[in-house]
Amino acid sequence: MDVEFTERQWHRLLVLGRHVDHAVGTTLLRQGDPAPPVLIPRSGFVKALRAAQGDTTPMIVDLLGAGDVLGVEDCLAGRPSRLSYIATKPARVLEVPQHAFRGFLDDDDQAMALIAVALASRLRQRNVALGFATAKVRSRLTAFLTRLQALYGVPGEGGVVIDVGLNHTDIASAIGASPASVNAEMAKLKNDGYLSTGYKTIHVKKPLREDGPPLTPVPSARRRIPQLRIPRIAMG
């Protein structure tokens, strides 16, 4: 979801930061980098990765796009980067130094409130994702693709196109499965007519979710909870 900063807030951020263009495969930040800037993609896509230990293979923990906010937790805590960020599509990113972004929030209560709500939302989404940790690979895969479809899917002929620069190995990393098992499940989904694939693109032809835990909590029948438009913030 895009950050709905006001024109005045955007003007302030543009003054505080600078735009940097990144090619596919470029590392924007590395886990452990000291005093990392806050990153706000203006275009393209960025995958967030985290390694449990220094010698372990990093896993993809999120995918972020235009308007998302990266590195706010590190900024507020004044700590090194907890995640690495790599461009999966050509990306233009606004970089705002930590101290400058903290000053921006200190001077703008509305922006601080927006960030606080976003952090709470990301925590809830992460808790929902944990419900799939023990699910079958197909359930984890279809839930992940459904989320990408909802966030970044573009309507196309006969379905929705997901073009965010992820390959099957990336998807396997994101759902905690082996590339071989993801390849097998993707082949089944294609054979069953759910989707087709191109180079790092997926064309979803019909709804994917059939089993597994619910993607979102079911609201009470007595009370409908309104949906809020809030920014997404990468959390490791």
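Please read all numbers here as calculations on a predicted model, not as lab measurements.

**Student:** Whenever I open this one, the overall build of the chain confuses me. Can you help?
**Tutor:** Along its length, the chain carries 7 helices and 11 strands. Going through the 236 residues of the chain one by one, you find that 43% of them count as buried. For the chain, the proportion of contacts with a sequence separation of at least 24, taken over those separated by at least 6, is 75%. Accessible area of the chain: about 12,400 Å², with a carbon and sulfur share of 54%.

**Student:** Explanation requested: the sheet that holds strand 6 (residues 84-87) in the structure shown.
**Tutor:** By way of backbone hydrogen bonds, the strands of a sheet pair with one another, either parallel or antiparallel. The 4 strands lie next to each other as 2-6-4-5, forming an open sheet whose pairing is antiparallel. Whereas interior strands pair on both sides, the edge strands pair on one side only; in this sheet they are strand 2 (27-29) and strand 5 (59-65). Averaged over all pairs of adjacent strands, the angle between strand axes in this sheet comes to 30 degrees, irrespective of strand direction. Here 2 bridges tie strand 2 to strand 6, and the two strands are oriented antiparallel to one another.

**Student:** Even after reading the chapter, I still don't get helix 1 (residues 7-16), so can you show me in this structure?
**Tutor:** Three- or four-residue spacings in an α-helix give side chains the same orientation, since the helix completes a turn every 3.6 residues. Taken residue by residue, helix 1 has Gln9, Trp10 and Leu13 as its buried positions. Around the axis of helix 1, the buried residues are gathered within 100 degrees of arc, so they sit on the same side. Structural note: helix 1 exposes Glu7, Arg8, His11 and Val15 on the side pointing more than 90 degrees away from its buried face.

**Student:** Even after reading the chapter, I still don't get the environment of Leu70, so can you show me in this structure?
**Tutor:** Position of Leu70 relative to the elements: it lies in the loop between strand 5 and helix 2 (72-77). Taking the relative accessible area as the measure of exposure, Leu70 reaches 0% and is therefore buried.

**Student:** Can you walk me through the pairing of strand 7 (residues 91-96) in this structure?
**Tutor:** Both faces of the sheet carry side chains from a regular strand, because those side chains alternate between them. Extensive coverage of strand 7 is indicated by the burial of 5 of its 6 residues. Note that strand 1 (residues 18-22) and strand 7 share 5 bridges and pair antiparallel. Each residue of the ladder has a partner; that of His22, found in strand 7, is Ala91. Inspection of the sheet shows strand 3 (residues 38-43) paired to strand 7 by 5 bridges, in the antiparallel sense. What sits directly across from Val38, in strand 7, is Val96.

**Student:** Quick question: what am I supposed to make of the nonpolar core here?
**Tutor:** One recurring pattern in soluble globular proteins: nonpolar side chains tend to sit buried together. Ranked by size, the top nonpolar core spans 23 residues in total, and within it Leu145, Leu148, Val164, Ile171 and Ile202 carry the most contacts. The element contributing the most residues to this core is helix 5 (residues 137-152), with 6 residues. Among all residues touching Ile171, those that are not within four sequence positions of it are Leu141, Phe144, Leu145, Leu166, Val182 and Ile202. With 18 residues, the next largest nonpolar core counts Trp10, Ile40, Cys75 and Ala100 among its residues.

**Student:** Would you explain the pattern of salt bridges in this entry?
**Tutor:** Tallying each qualifying case throughout the model produces 10 salt bridges. A salt bridge links Arg18 to Glu95, with the nearest nitrogen and oxygen atoms 3.3 Å apart. Here Arg18 is found in strand 1, whereas its partner Glu95 is found in strand 7, with 77 residues between them in sequence. Note that Lys47 is salt-bridged to Asp170, the shortest N-O span being 2.9 Å. Note that Lys47 is positioned in strand 4 (residues 45-50) and Asp170 in helix 6 (residues 168-175), a separation of 123 residues in sequence. Judged by its relative accessible area of 13%, Lys47 falls in the buried class. What makes Asp170 buried here is its relative accessible area of 10%.

**Student:** Help me understand the packing of helix 5 against helix 6 in this model?
**Tutor:** The angle between the axes and the distance between the axes are what describe a pair of packed helices. Packing of helix 5 against helix 6 leaves a shortest axis separation of 10 Å and a crossing angle of 105 degrees. Of the possible angle classes, the one that applies to helix 5 and helix 6 is roughly perpendicular. Here Val137, Arg140, Leu141, Phe144 and Leu145 of helix 5 come into contact with helix 6, specifically with Ile171, Ala174 and Ile175. Here the residues of the contact of helix 5 with helix 6 sort into 7 nonpolar, no polar and 1 charged.

**Student:** Whenever I open this one, helix 3 (residues 98-106) confuses me. Can you help?
**Tutor:** Inspection of helix 3 places Gln98, Ala100, Phe101, Phe104 and Leu105 among the buried residues, and these make up the whole buried set. With its buried residues spanning 165 degrees around the axis, helix 3 presents them on a single face. Opposite the buried face of helix 3, by more than 90 degrees, sit the exposed residues His99 and Asp106.

Definitions and limits used
- Residues numbered from 1 in each chain as written.
- Predicted model: local features only at pLDDT ≥ 70, side-chain atom pairs only at ≥ 80, totals over all residues.
- Heavy atoms only, no water.
- Helix = DSSP H or I, 4+ residues; strand = E, 2+ residues; numbered from the N terminus.
- Buried < 20%, exposed > 50% of the residue type's maximum accessible area, 1.4 Å probe, protein only.
- Contact = heavy atoms within 4.5 Å.
- Areas by Shrake-Rupley, 256 points an atom, 1.4 Å probe, with all protein chains shown as cover.
- Pairing = 2+ DSSP bridges.
- Axes fitted to C-alpha atoms, helices over the stretch in contact; angles between N-to-C directions.
- Arc of directions from axis to C-beta.
- Core = buried A, V, L, I, M, F, W, Y, C linked by side-chain atoms within 4.5 Å.
- Salt bridge = Lys/Arg side-chain N within 4 Å of Asp/Glu carboxyl O.
- Parallel < 35°, antiparallel > 145°, perpendicular 65-115°, else oblique.
- Nonpolar A, V, L, I, M, F, W, Y, C, P; charged D, E, K, R; others polar.

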